[in-house]
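If you want the building blocks of each chain, they are given just below.
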Amino acid sequence: RALTGAHVEPLTIVHARGVTSGMLHLPPDRRGPVPVILGLHQLAGDKDDFDVALGRFREAGFATCTIDLPAHGSQFDGPRLRAEDQQVAVAALDHLAGRPEIDRRRIVVLGGSLGALFALRTAAASPRVAAAVAYASPFDVGSGIDLSVPGIQSNFRFVIGAPAGEPLGFWTHDFHLHTTIGRIGCPVLL
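Residues numbered from 1 in each chain as written. Predicted model: local features only at pLDDT ≥ 70, side-chain atom pairs only at ≥ 80, totals over all residues. Heavy atoms only, no water.

A look at the overall build of the protein chain
Right, so step 1: Per the secondary structure count, the protein chain includes seven helices and seven strands.
Right, so step 2: Along the protein chain, from the amino end to the carboxyl end, the secondary structure elements read β-β-β-α-α-β-α-β-α-β-α-α-α-β.
Right, so step 3: For the protein chain, the C-alpha radius of gyration of 16 Å lies close to 16 Å, the compact-globule estimate for 190 residues.
Right, so step 4: A burial count over the protein chain gives 49% of its 190 residues as buried. (Helix = DSSP H or I, 4+ residues; strand = E, 2+ residues; numbered from the N terminus. Rg over C-alpha atoms; globule rule 2.2 N^0.38 Å. Buried < 20%, exposed > 50% of the residue type's maximum accessible area, 1.4 Å probe, protein only.)

Focus on unusual backbone geometry
When glycine is set aside, most residues are seen to have a negative phi, and most peptide bonds are trans.
Right, so step 1: The residue Ser113 is not glycine, and still its phi comes out positive at about 60 degrees.
Right, so step 2: Tracing the backbone shows Ser113 in the loop between strand E5 (102–112) and helix H4 (114–125).
Right, so step 3: Looking at Ser113, the relative accessible area reads 30%, which means it is partly exposed.
Right, so step 4: The residue Ala136 is not glycine, and still its phi comes out positive at about 60 degrees.
Right, so step 5: With respect to the element layout, Ala136 can be found in the loop between strand E6 (129–135) and helix H5 (141–144).

Describing the side chain of Thr64
Right, so step 1: Its place among the elements puts Thr64 in strand E4 (residues 63–67).
Right, so step 2: Thr64 gets classed as buried once you look at its relative accessible area, which sits at 0%.
Right, so step 3: Within polar-contact distance, the side chain of Thr64 engages the side chain of Arg58 at 2.6 Å. (Polar contact = N/O pair within 3.5 Å; in protein donor to acceptor, adjacent residues only side chain to side chain.)

What about the packing of aromatic side chains?
Right, so step 1: Taken as a whole, this structure holds five aromatic pairs when the rule is applied.
Right, so step 2: On the basis of an interplanar angle of 85 degrees and a centroid distance of 6.3 Å, the ring pair of Phe118 and Phe175 is categorised as edge-to-face. In this pair, Phe118 is assigned in helix H4 and Phe175 in the loop between helix H7 (168–172) and strand E7 (188–189), connecting sequence segments 57 residues apart.
Right, so step 3: Between Phe170 and Trp171 the ring centres are 5.7 Å apart and the planes differ by 85 degrees, which places this aromatic pair in the edge-to-face class.
Right, so step 4: Exposure remark for Phe170: the relative accessible area of 55% places this residue in the exposed category.
Right, so step 5: Above the ring of Phe158, the side-chain terminus of Arg80 is found at 4.6 Å from the ring centroid. (Phe/Tyr/Trp six-rings, centres within 6.5 Å; stacked < 30°, edge-to-face > 60°. Lys NZ or Arg CZ within 6 Å of the ring centre and 35° of its normal.)

Describing the side chain of Arg99
Right, so step 1: For Arg99, the position within the fold is in the loop between helix H3 (86–97) and E5.
Right, so step 2: When its relative accessible area of 13% is taken as the criterion, Arg99 is described as buried.
Right, so step 3: A distance of 3.3 Å separates polar atoms of two side chains, one belonging to Arg99 and the other to His95.
Right, so step 4: Within the structure, Arg99 has its side chain in polar contact with the side chain of Glu101 (distance 2.9 Å).

Some thoughts on the pattern of salt bridges
Right, so step 1: Enumeration over the complete set of coordinates arrives at 10 salt bridges.
Right, so step 2: With a closest N to O distance of 3.0 Å, Glu59 and Arg56 form a salt bridge. Remark: Arg56 and Glu59 occur in helix H2 (residues 55–59); sequence separation between them is three residues, near one turn of the helix. There is no split in this pair, since Glu59 and Arg56 are both exposed.
Right, so step 3: Between Asp94 and Arg128 there is a salt bridge, with its nearest N and O atoms 2.6 Å apart. One end of the pair, Asp94, is in helix H3; the other, Arg128, is in the loop between H4 and E6, and 34 residues separate them in sequence.
Right, so step 4: Residue classification places Arg128 among the partly exposed positions, given a relative accessible area of 31%.
Right, so step 5: Sharing partners across several salt bridges, the network here consists of Glu9, Arg99 and Glu101. (Salt bridge = Lys/Arg side-chain N within 4 Å of Asp/Glu carboxyl O.)

Spelled out as C-alpha cells, the structure:
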C-alpha cells in the first residue's frame, strides 16, 4: 500500500460483541459517491491479506473495505468466532452506508471460504446488501468438519475456542446456511 500511494483509512467498527478493525480503500479517480465492496477473509486470514485480492475492484472504480472477523488478524487474541458473527459485517455495512463518499445503494459483500459463509449470512441479515459474491463457501461446517484436513480442523478449533479432544462437529453445528438461504433478498454470485 505504501508503494502504490493508495488512500487507505483505518477503521474501528463497533459491534454487539466488541470492536474490530478494518481498512477502507477508496478508488484512485473517484467522483461523487462510489459503490463499495465489503470483503470477508477466509479461515486463518485477515483484513490485510484479503485487501490485496481486491485491488482490481478499486481499479474498476469501487471502494473496498476489509475487516477482521473475530479471532483473526487484529482480533487474534480477542473473542472467539461465533456463528452469528455476521453482526460484525452488518456493523461494518452500517458504518459504510453513513459515509458521504459511499453510494449506499450499491453495497456488495464478497467473501471466500469462511468469509463466503459470512458474506451469505450477512446478505440475509442486512437490507443494505445490493449483491453478494461467495466463492468456495461451505454450506454446513458442522456436517463435514470432522472429515476435513487436520489444518482446517485445528484452525477452526482455535478460532471458535473448542476444547481439544472433543468432536469438533458438536462445536460447529450452528455454522451453516440451512436457514439463511431463504432470507437472502439480493442477487448472489456463487
